[in-house]
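# Residue-level structural notes
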Amino acid sequence: MTQRKIIIDADTGIDDAFAILYGLKSEKADIVGITTVFGNISVELATENTLRILKLAGRENEIPVSRGASKPISRELQGYSTHVHGQNGIGEVELPLSSQRPIEEAADDFILRMADELNGELVLVTLGRLTNVALALRKDPRLAGKIKHLYVMGGAVQAPGNVTPVAEANIWGDPEAAELVVRSGMPITLVGLDVTMKTLLHQSQLDSLKRTCKPENRGIVDFIDGMMRFYFGFYREFNGFRDYAPMHDPLALLIALEPGIVRTQTMHLSVECTGELCVGMTVADLRRKPRVGTPVQVCVEVQAAQAVELLLAAFD
Ligand code: RIB
Ligand code: CA
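Residues numbered from 1 in each chain as written. Chains lettered and ligands numbered in written order. Predicted model: local features only at pLDDT ≥ 70, side-chain atom pairs only at ≥ 80, totals over all residues. Heavy atoms only, no water.

### A word on the layout of surface pockets
Approximately 560 Å³ is the volume attributed to the largest pocket. Counting residues per element, the ones that place at least two in the lining of the largest pocket are α1 (14-25), α3 (82-85), α6 (169-172), α10 (218-239) and α11 (248-257). If one sorts the elements of the lining of the largest pocket by residue count, α10 sits on top with 5 residues. In terms of residue class, the lining of the largest pocket is built from 15 nonpolar, 11 polar and 6 charged. Lining the second largest pocket are 15 residues, with K25, S26, E27, A313 and A314 positioned closest to its centre. Among the elements of the structure, α1 and α12 (304-313) are those that each provide at least two residues to the lining of the second largest pocket. Within the lining of the second largest pocket, the residues separate by chemical class into 6 nonpolar, 2 polar and 7 charged. (1 Å grid on protein atoms, 1.4 Å probe; cavity = no way out; pocket = protein on both sides within 12 Å on 5 of 7 lines; lining within 4 Å. Points joined across faces, edges and corners; volume = space filled by probe spheres on them. Helix = DSSP H or I, 4+ residues; strand = E, 2+ residues; numbered from the N terminus. Nonpolar A, V, L, I, M, F, W, Y, C, P; charged D, E, K, R; others polar.)

### Quick notes on the site of ligand 1
Close to ligand 1 lie 13 residues; D15, N162, E168, N170 and D249 are nearest. The contact in question runs from an oxygen atom of ligand 1 to an N or O atom on the side chain of D15, over 2.6 Å. Protein burial of ligand 1: of its 280 Å² of free accessible surface, 96% is covered by the chains. The cavity that encloses ligand 1 is the largest pocket. Going through the elements one at a time, α1, α6 and α11 are the ones with two or more residues in the shell around ligand 1. Its residues assigned to classes, the shell around ligand 1 shows 3 nonpolar, 5 polar and 5 charged. (Near = heavy atom within 4 Å. Polar contact = N/O pair within 3.5 Å; in protein donor to acceptor, adjacent residues only side chain to side chain. Areas by Shrake-Rupley, 256 points an atom, 1.4 Å probe, with all protein chains shown as cover. Sits in = over half its atoms within 2 Å of the grid points.)

### Considering the sheet that holds strand β1 (residues 4-10)
Read across the sheet, 9 strands follow the order β3-β2-β1-β4-β5-β6-β11-β9-β10 without closing on themselves; strand pairing throughout is mixed. A strand with exactly one partner marks an edge of an open sheet, and here the two such strands are β3 (65-66) and β10 (282-285). Across 5 bridges, the pairing between β1 and strand β4 (residues 122-126) is parallel. Within the sheet, the bridge partner assigned to I7 lies in β4 and is L124. (Pairing = 2+ DSSP bridges.)

### As for the side chain of T50
Structurally, the position occupied by T50 is in helix α2 (residues 43-56). On the accessibility criterion, T50 (0% relative accessible area) is buried. Within polar-contact distance, the side chain of T50 engages the backbone oxygen of A46 at 2.6 Å. For T50, the residues in contact, after removing those within four places along its chain, are T12, I34, T36 and V65. (Buried < 20%, exposed > 50% of the residue type's maximum accessible area, 1.4 Å probe, protein only. Contact = heavy atoms within 4.5 Å.)

### As for the pattern of salt bridges
Scanning all chains against the criterion turns up 22 salt bridges. Taking the shortest distance from any N to any O, the salt bridge between R101 and E48 comes out at 3.5 Å. Of this pair, R101 sits in the loop between α3 and α4 (107-117) while E48 is found in helix α2, placing the two residues 53 residues apart along the sequence. Judged by relative accessible area, which is 46%, R101 ranks as partly exposed. Given a relative accessible area of 17%, E48 falls into the buried group. Bridged by salt links that share partners, the residues D116, D140, R142 and K146 form one connected network. (Salt bridge = Lys/Arg side-chain N within 4 Å of Asp/Glu carboxyl O.)

### Here we look at empty space enclosed by the protein
On inspection of all chains with the given rule, the structure shows 1 cavity of 30 Å³ or more. Within this model, the largest cavity holds a volume of roughly 60 Å³. Lining the largest cavity we find L130, V152, I171, A178, V182, I188, L190, L269, V271 and T282. For the lining of the largest cavity, the elements supplying multiple residues, two or more each, are α7 (175-183), β6 (188-191) and β9 (262-271).

In short, the description is geometric, and any link to function would need to be established separately.
Here it is in structure tokens:
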């Protein structure tokens, strides 16, 4: 089987951690590196969590981890989402320390180098702010033509936002970076709240996975169960969801490996960077002859139940 060569870029909170573990387990993915970014938590904590997750998955010192941006490209940091992901970013579950340390090379340089080395084969999956990719594009705009595909967990095109009425967290947290990346012309699939809010994992599914999983996956499944309890708590309090939550970041990684699980539509997209109410909004020009924005593939429909089954099957 040909594996897709993937760099995951993550602000390693709860759903990022789930996505990374899924990527590490999938036979369809060759995770060639993980870059980290501020967002749910600080970039330092995101990096530390990533290293510990690799150890949990038995991949310590095998996959390079590169630290990235600690703040947006051109605005002040707005704070973190510890109310969603916990003070430590992974739902207050403690993971053992790893002996692995991040590489010296910063995330933007790592992305640029890997794009060259992999000669058109590099797939990027971003699970946080687009800051690292934007910084790499600023250093070398030719990057846009060297990436096989960029899957972005972010945006809310025809769905409500989750930070403001119209903005999703990953875009809202660094809109200028998102706009720069969209404009670059890189081949992009946008995995936004339009589909992630329909892809719901229930506690009962985790209970059943705990009963059936292979002994070698026991540690991972217990970790996922522990952090998801925290995440379900947030979604219960803020959204009224009873013991279930959306799979934002895992769905983005799944789509990179199983693109048939979604239906996409080409839309001319722009990111609103000014204004009081709409900053961070992903605006699609749906007129018959679009006049603003850059064409990107926007996920509009998902086979949600099958997506969740595929995600869980990786740990069974
Ligand atoms: O809006 C959901 C996204 O914001 C997810 O990537 C979550 O981890 C946070 O980064
Ligand atoms: Ca994330």
